[in-house]
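What follows is each chain in one-letter form.
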Amino acid sequence: QVQLVESGGGLVQAGGSLRLSCAASGRTFSGYSMAWYRQAPGKEREFVASTDWRGVYSDYADSVRGRFTISRDNAKNTVDLQMNSLKVEDTAIYYCNRIPGPGFKWGQGTQVIVSS
């Protein structure tokens, strides 16, 4: 069983930055496209960003394009999400997983709170 572990969340002021990291136990990320998702209170989990298995090509939700950057380091076995110019509406629990689905078992996520 692959265990996904997200970290790096916290409380930041609007306009600030945060860098999230995703790691997995049991196997490396090599060979898998990966994505970040988020779930705000009372809302469904939504796609945020993705990167191909080589970490060359990326895709973003319209709501975060230009502010967030996804990257990966297969040697370190991590997938990161650099979040800049954070907005209050970015407040959510952030999760990572492989794509396409079905992915691995969802991890606990990491909470991001953006204050006004």
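The structure displayed is predicted, hence computed values, not measured ones. (Residues numbered from 1 in each chain as written. Predicted model: local features only at pLDDT ≥ 70, side-chain atom pairs only at ≥ 80, totals over all residues. Heavy atoms only, no water.)

Comments concerning the sheet that holds strand S9 (residues 92-99)
The strands that make up a sheet pair up through hydrogen bonds in the backbone, lying either parallel or antiparallel. Read across the open sheet, the six strands follow the order S2-S10-S9-S4-S5-S6; overall the sheet is mixed. Only two strands of the sheet have a single partner each, and these edge strands are strand S2 (10-13) and strand S6 (58-60). Between one strand axis and the next, the sheet turns through 25° on average, direction left out of account. Here strand S4 (residues 33-39) runs beside strand S5 (residues 46-51); their pairing, made up of five bridges, is antiparallel. When the sheet's bridge partners are listed, Met 34 is paired in S5 with Thr 51. (Pairing = 2+ DSSP bridges. Helix = DSSP H or I, 4+ residues; strand = E, 2+ residues; numbered from the N terminus. Axes fitted to C-alpha atoms, helices over the stretch in contact; angles between N-to-C directions.)

Points about the pairing of strand S3 (residues 18-25)
Only one face of S3 is covered, namely the one carrying Leu 18, Leu 20, Cys 22 and Ala 24; the face carrying Arg 19, Ser 21, Ala 23 and Ser 25 has none of its residues buried. Here strand S1 (residues 3-7) pairs with S3 via five bridges, running antiparallel. Bridge pairing in S3 links Gln 3 to Ser 25. (Buried < 20%, exposed > 50% of the residue type's maximum accessible area, 1.4 Å probe, protein only.)

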